[in-house]
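So the chains spell out like this:
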Amino acid sequence: MTGPLEIEMKRCYSTFKRPFCSNHQRLSLLDSCKTMDQIKQAHAHLIITGLVLDLIPATRLIKLLTQSSFGSLPYAHLMFDQIPSPDLFLHNTMIKAHAPTPTSSHNSLLIFRSMVQGSSLSPNRYTFVFVFKACANGLGVLEGGQVRVHAIKLGLESNLFVTNAMIQMYANWGLVEDARRVFEWSIEHDLYSWNTLIRGYVALGEMDRAKELFDEMPERDVVSWSTVIAGHVQVGCFMEALNLFHNMLHKGSRPNEFTLTSALAACANLVALDQGRWIHVYIKKSRIKMNERLLAGLIDMYAKCGEIEFASKVFYNECVPKRNVWPWNAIIGGFAMHGKSEEAINLFEQMKIEEMIPNKVTFVALLNACSHGKMVEEGKAYFELMSNYGINPELEHYGCMVDLLGRAGHLKEAEEIISNMPIAPDAVIWGALIGACRIHKDIERGVKIGKIIKELDSNHVGCHVLLANMYSVSGKWDEAKVVREKIEVCGRKKTPGCSSIELNGMFHQFLVGDRSHPQTKLLYLFLDEMTAKLKIAGYVPEFGDVLLDIDDEEDKETALSKHSEKLAIAFGLMNTLPGTPIRIVKNLRVCGDCHQATKFISKVYGREIIVRDRIRYHHFNDGLCSCKDYW
């Protein structure tokens, strides 16, 4: 069947010499192309009519080939090579088209060289902007230096657009100090200059330098604020990120969805639920467009702040098309960390029904869900399923499998997984297995794995701590003491337990045995009173988590009572109204004694206590924990 374009082409071809078939009509014919086949037909028409030698329609066709979603860059390049004398605009068009893609950016340089060596054309500022972009995206320092020499010869290095392109090029290569020199030598700067240089420092994690430059800016836009806030989140400075966000609002700058996503990530990591809720309200009141990344940020914030049910409501109730995997990953990961394994698996199955393609992050969340739910066979099946989506397991996926098998007591199978991995295991993945050996009191295997870890990383403190813990649980205090002495000899210290709690928008942190808080005196009095009440209720301390050879039972109990999460919980009980849920975050895994004590606290004081440790969430209520003592 002949389409309208073909009919129009035949009509125009048969009458193109007539006065009423103007060049304007022929150019309109090009603009009406909507597919690659139609572009080829239009190209054929230009060849037959001889108009292909006219730069105007040829340029229009090449522009269509390089800029439309249905075009073809290789086809455009072939056509470009057939034009006898392409002008500067055509050269720039082709250089620009090749620049963004690492696999074809070298073509930008080839076209640039042919222009400066084989024609009378002189590059302009746009030429250099596009060539520097090509150098940034795929070429090397040598090529960038050669192009820069040409810019200097033509007196274009000081042009603002060219300067910005050079700053971007050096920043992309990680040569931020070179970018800084270009910035400082240039006479003129704009916001793009400042923001590009700040992004360069942020990409390297050099937040002190980025913040220093940010403070020097004569003016800032939303990109400036968003970049420096995201950078602080990236390096784990969550309080600084939130302070910057509040400062941004105070200065009257309006955040966008990228700024808000970073602010939500900071709230998520701090378990700053009140501030996270405020941001959610701000999004609605300010009518910020809810995209999939921002939706994922909201879900993640609520999940990591202990409100998994509300996170689920946000996922289902927000009217945002979930065509991207981010929101799905956020809610599956949320269910996993809260031990809601069946909900995580059901949601993954829903993803399959809706033909949503999972990625490697999806499977990490899914395998974690299986691990926390002791769903060994399901975890194995999902691990095998990864290959159906073209995903090769990475260290993190193998780590999940080792955790799944080890936690369930399949220590031999977990060890075989590590031994048969196609990639070299690191100390972290062996550490997951030694952690399982501690849980199941397999000291012999734990000691053997400890030697392997020592060969990989002789200063791996975590390995020695776990070994000492295993010996302590077994009452082998002499062996535990020897391991602890090794830790002291290597000069590295175990990461101290640290727990934090948010109260009225302020964060209070407690270390083991902390006495730095202004309420210390009252806190320890309350702690003594709390311990006495717990004992009456039937609480018996678990001394296996005391890593010292302490003979006196009272001293052992004192050591346990000073754990950071007990201090944070006691502080929360002192400073909140009865019935108020208490949320705390711990940087390490909850020890057995604190887990047991918190169950009793929830019953004795009638409080819901939500604890996020390094691995998962524990919801304590009426003497029970959501993990069902499987963590």
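Everything discussed here concerns the structure shown above.
Residues numbered from 1 in each chain as written. Predicted model: local features only at pLDDT ≥ 70, side-chain atom pairs only at ≥ 80, totals over all residues. Heavy atoms only, no water.

**Student:** I tried to follow the overall build of the protein on my own but got confused; where do I start?
**Tutor:** Assigned secondary structure in the protein consists of 33 helices and 6 strands. Scored against the burial criterion, the 631 residues of the protein give a buried share of 50%. Long-range contacts, defined here as pairs at least 24 residues apart, represent 63% of the contacts in the protein between residues at least 6 apart. (Helix = DSSP H or I, 4+ residues; strand = E, 2+ residues; numbered from the N terminus. Buried < 20%, exposed > 50% of the residue type's maximum accessible area, 1.4 Å probe, protein only. Contact = heavy atoms within 4.5 Å.)

**Student:** Would you take a moment to explain the sheet that holds strand β1 (residues 498-503) for this structure?
**Tutor:** Pairing between sheet strands relies on hydrogen bonds along the backbone, with the strands arranged either parallel or antiparallel. What the 6 strands build is an open sheet, ordered β2-β1-β3-β4-β5-β6; its pairing is mixed. Two strands close off the open sheet at either side, each with one partner strand: β2 (506-511) and β6 (624-625). As paired strands, strand β3 (residues 582-586) and strand β4 (residues 609-612) are joined by 4 bridges and run parallel to one another. Note on β4: the bridge partner recorded for Val585 is Arg612. (Pairing = 2+ DSSP bridges.)

**Student:** What am I meant to see in the side chain of Ser226 here?
**Tutor:** Position of Ser226 among the secondary structure elements: in helix α14 (residues 222-234). The contact partners of Ser226, leaving out residues within four places of it in the chain, are Asn256 and Thr259.

**Student:** Got a minute to help me understand the pattern of salt bridges in this structure?
**Tutor:** Should their charged atoms come close, side chains of opposite charge can pair. Taken as a whole and judged by the stated rule, the model has 24 salt bridges. For Asp215, the salt bridge is made with Lys211, and the minimal N-O distance between the two is 2.9 Å. Within this pair, Asp215 and its partner Lys211 are both found in helix α13 (residues 207-216), separated by 4 residues, close to a single helical turn. Classification of Asp215 by relative accessible area gives partly exposed; the value is 44%. (Salt bridge = Lys/Arg side-chain N within 4 Å of Asp/Glu carboxyl O.)

**Student:** Quick question: what am I supposed to make of the pairing of strand β5 (residues 617-621) here?
**Tutor:** Residues in a regular strand point their side chains to alternate faces of the sheet. Burial within β5 is extensive, with 4 of its 5 residues counted as buried. In terms of strand pairing, β4 meets β5 through 4 bridges, oriented antiparallel. Of the residues in β5, the one forming a bridge with Arg612 is Tyr617. Hairpin connection between β4 and β5: a loop of 4 residues separates the two successive antiparallel strands. Relative to β6, β5 runs antiparallel, the two being bridged by 2 bridges. Paired with Asn621 across the strands is Leu624, a residue of β6. Hairpin connection from β5 to β6: 2 residues lie between these consecutive antiparallel strands, with Asp622 at a positive phi of about 55°.

All quantities given are derived from atomic positions and should not be read as evidence of function.
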